[in-house]
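Breakdown of the fold
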Amino acid sequence: MRILITAGPTREYLDDVRYLSNASSGRMGYALAEAALAAGHEVVLISGPVALHPPAGALVRLVETTDQLLAACDAAWPDCDGVIATAAVCDYRPRERFPGKLAKTGVSLELELVETADVLAELGRKKGHRWIVGFALESEEFAHINAIRKLKEKNCNAIVLNRPTAIGSADNSVEVIERSGETVARFSGPKTVVAAELLQWISQAFASHEA
Ligand code: CTP
């Protein structure tokens, strides 16, 4: 299969030197890319800014903003069989990006934030024969309900539920939830191990989607 993987954070600039972002390390996405290549798949890795070296053999597109992530995913999607969306996308951006560097004025500054594009939902709208595996980062007690809602809204085949402790960590503990709402697999341990097991699950689940 040819697998699209999104990884890392996105950045949304307030001016030319300051941005909103999050602590995503990109480790889960990069480990999945490595595991997919090792399993003989082709990988298109679209990554926000991270301190990792992309695995040899992946077709890599580096992006910063959510709009750039969307454009790169849109371009890659027609030639892919499926997507694993691990990117920690910045959901809001400052309404305005000021040129240069905003100077202090001595009074408080109010920032107006507007929603960014939902990249995975966009891919879901152009899904065709392809499969989609999303990630849901949930902190609350309604984690399962929220994850299942995201799965449906983004037209995913399955969603991987993980917790905020995963962000920036070397380890992860995940559940794979299918469209029925049922948890069909659980993996935990170092992200490299979780990635290999998850990739194996994905390979088996979507083998018949191959063109
Ligand atoms: N995602 C995306 N584009 C966004 C937000 C999220 O592509 N603007 C993708 C993520 O890569 C992930 C899935 O959607 O695969 C769910 O991301 P998550 O952050 O858990 O949820 P959100 O949709 O951002 O919802 P909320 O922040 O309200 O929990």
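Look up a bit, the structure's there.
Residues numbered from 1 in each chain as written. Predicted model: local features only at pLDDT ≥ 70, side-chain atom pairs only at ≥ 80, totals over all residues. Heavy atoms only, no water.

Note: α-helices contain 3.6 residues per turn, so residues at a spacing of three or four share the same orientation. Along helix H4 (residues 143-153), the residues classified as buried are Ala143, Asn146, Ala147, Lys150 and Leu151. One face of H4 carries all of its buried residues, which in axial projection span an arc of 140°. Facing away from the buried side of H4, by more than 90 degrees, are the exposed residues Ile145 and Glu153. If you follow the buried residues of H4, they end up packed against strand E9 (131-137), strand E10 (158-162) and strand E11 (171-178). (Buried < 20%, exposed > 50% of the residue type's maximum accessible area, 1.4 Å probe, protein only. Helix = DSSP H or I, 4+ residues; strand = E, 2+ residues; numbered from the N terminus. Arc of directions from axis to C-beta. Contact = heavy atoms within 4.5 Å.)

What surrounds the ligand is a group of 15 residues, the closest being Ala85, Ala87, Leu120, Lys150 and Lys154. Note that an oxygen atom of the ligand is positioned 2.9 Å from one of the backbone N or O atoms of Leu137. Out of a free accessible area of 570 Å², the ligand has 77% covered by protein chains. The cavity that encloses the ligand is the largest pocket. When contributions to the shell around the ligand are tallied by element, the ones reaching two or more residues are helix H3 (119-125) and E9. Broken down by element, the residue count for the shell around the ligand peaks at 4 residues, all from E9. Class assignment for the residues of the shell around the ligand results in 9 nonpolar, 2 polar and 4 charged. (Near = heavy atom within 4 Å. Polar contact = N/O pair within 3.5 Å; in protein donor to acceptor, adjacent residues only side chain to side chain. Areas by Shrake-Rupley, 256 points an atom, 1.4 Å probe, with all protein chains shown as cover. 1 Å grid on protein atoms, 1.4 Å probe; cavity = no way out; pocket = protein on both sides within 12 Å on 5 of 7 lines; lining within 4 Å. Sits in = over half its atoms within 2 Å of the grid points. Nonpolar A, V, L, I, M, F, W, Y, C, P; charged D, E, K, R; others polar.)

A separate point is the layout of surface pockets. Each pocket or cavity is described by its volume, and for the largest pocket that value is around 1000 Å³. Surrounding the largest pocket, 41 residues form its lining, Ala87, Ala88, Val89, Asp91 and Phe135 being those nearest its centre. No other element matches the 4 residues that E9 contributes to the lining of the largest pocket. Of the residues contributing to the lining of the largest pocket, the split by class is 18 nonpolar, 14 polar and 9 charged. Computed from the structure, the second largest pocket encloses a volume of approximately 170 Å³. Lining the second largest pocket, in full, are Arg18, Lys101, Leu102, Ala103, Lys104, Thr105, Gly106, Val107, Ser108 and Leu109. Its residues assigned to classes, the lining of the second largest pocket comprises 4 nonpolar, 3 polar and 3 charged. (Points joined across faces, edges and corners; volume = space filled by probe spheres on them.)

Here we take up the packing of aromatic side chains. Tallying each qualifying case throughout the model produces 3 aromatic pairs. Residues Trp131 and Phe206 carry aromatic rings whose centres are separated by 4.8 Å and whose planes lie at 5° to one another, so their mutual orientation is stacked. On the criterion of sequence distance, the pair formed by Trp131 in strand E9 and Phe206 in the segment after helix H5 (191-205) is long-range, its members being 75 residues apart. Judged by relative accessible area, Phe206 falls into the buried class, the value being 6%. (Phe/Tyr/Trp six-rings, centres within 6.5 Å; stacked < 30°, edge-to-face > 60°.)

Quick look at the pattern of salt bridges now. For the coordinates displayed, the defined rule picks out 11 salt bridges. Lys126 is paired through a salt bridge with Asp74; the nearest N and O atoms lie 2.6 Å apart. With a gap of 52 residues between them, Lys126 in the loop between H3 and E9 and Asp74 in helix H2 (residues 66-76) connect regions that are remote in the sequence. Residue Asp74 is classed as partly exposed on the basis of its relative accessible area of 30%. With its nearest N and O atoms 3.4 Å apart, the salt bridge here joins Glu153 to Arg149. Taken together, the residues span about one helical turn, with Glu153 and Arg149 both in helix H4 at a distance of 4 residues. (Salt bridge = Lys/Arg side-chain N within 4 Å of Asp/Glu carboxyl O.)

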